[in-house]
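The chain contents come next:
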Amino acid sequence: MRGEHLGELEELVLLTVGSLTDQAYAVAILEEIKSNTKRNMDVTAVHSVLRRLEKKGYVSSEMGGASKERGGRRKRMFTLTKVGRKVLDETMDLRYSLYRKLPKLTFAGLS
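These lines cover the structure that appears in this document, whether it is placed above or below. Just so it is clear, the structure is predicted and the values come from calculations on it, not from any experiment. (Residues numbered from 1 in each chain as written. Predicted model: local features only at pLDDT ≥ 70, side-chain atom pairs only at ≥ 80, totals over all residues. Heavy atoms only, no water.)

Brief notes about the packing of helix α1 (residues 8-20) against helix α3 (residues 43-56)
To be explicit about the condition: Only the stretch in contact is used when fitting a helix axis, every axis being a line fitted to C-alpha atoms; angles between N-to-C directions are given from 0 to 180 degrees. The helix and strand labels rest on DSSP assignments: H or I over at least four residues marks a helix, E over at least two residues marks a strand, and numbering proceeds from the N terminus. An angle counts as roughly parallel when it lies under 35 degrees, as roughly antiparallel when it exceeds 145, as roughly perpendicular when it falls between 65 and 115, and as oblique in every other case. Here a residue-residue contact requires only that any non-hydrogen atoms of the pair lie within 4.5 Å. Charged means Asp, Glu, Lys or Arg here, nonpolar means Ala, Val, Leu, Ile, Met, Phe, Trp, Tyr, Cys or Pro, and polar covers whatever is left, Gly included.
Taken N-terminus to C-terminus, the directions of α1 and α3 make an angle of 80°; their axes are 10 Å apart at the nearest point. Taken together, the axis directions place α1 and α3 in an arrangement best described as roughly perpendicular. Contacts between α1 and α3 involve Leu9, Glu10, Val13, Leu14 and Val17 from the first element and Val49, Leu50, Arg52, Leu53 and Lys56 from the second. Split by residue class, the contact of α1 with α3 holds seven nonpolar, no polar and three charged.

Digging into α3
Heads up, the rule is: Multiply 1.5 Å by the residue count of a helix minus one, and that product is the helix's expected span. Relative accessibility decides the category of a residue: with a 1.4 Å probe and only protein chains considered, values under 20% of the type maximum give buried, values over 50% give exposed, and everything between is partly exposed. Starting at the helix axis, one direction is taken to each C-beta atom, and the arc is that of these directions. Under the rule applied, a polar contact is a pair of N or O atoms within 3.5 Å (in protein, one hydrogen donor and one hydrogen acceptor; residues adjacent in sequence only if both atoms are side-chain atoms).
When the terminal C-alpha atoms of α3 are compared, their 20 Å separation across 14 residues agrees well with the 20 Å that a helix rising 1.5 Å per residue should span. Listed as buried for α3 are Val46, Val49, Leu50 and Leu53. Taken end-on, α3 shows its buried residues confined to a sector of 105°, consistent with a single buried face. What points out from α3, more than 90 degrees from its buried face, is the exposed set Thr44, Arg51 and Lys55. Measuring from the side-chain oxygen of the N-cap residue of α3 to the backbone nitrogen of Thr44 gives 3.1 Å; that N-cap residue is Asp42.

Some details on the pattern of salt bridges
To be explicit about the condition: One side-chain nitrogen of Lys or Arg within 4 Å of one carboxyl oxygen of Asp or Glu is enough to make a salt bridge.
Under the definition given, this model contains six salt bridges. For Glu10, the salt bridge identified is with Lys56, shortest N-O distance 3.1 Å. Of this pair, Glu10 sits in helix α1 while Lys56 sits in helix α3, placing them 46 residues apart in sequence. Several salt bridges share partner residues, and in doing so they unite Glu10, Arg52 and Lys56 into one network.

Spelled out as structure tokens, the structure:
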């Protein structure tokens, strides 16, 4: 079905939301992706992807409490939904299934 497949950035953001559990907000997601992938991106891109993922039902969000560090502003916290987890599971199963079909490569002196 169209719209269910994840783009690369959507997959990264969705995986990161799931891995950050109760600490998944845009800046934390951005920092986690940058530290794990060395990918240069900005928080605007993360916000855009999070909106798409929420529209698809893969994440849900709610406003967190205000904090002094943020000048009294609140953070929008994101949570992986059951549907989002299912899509990730299916994506990872497909990737692994295709990966297992790759022929073994041998190089001179290496196996």
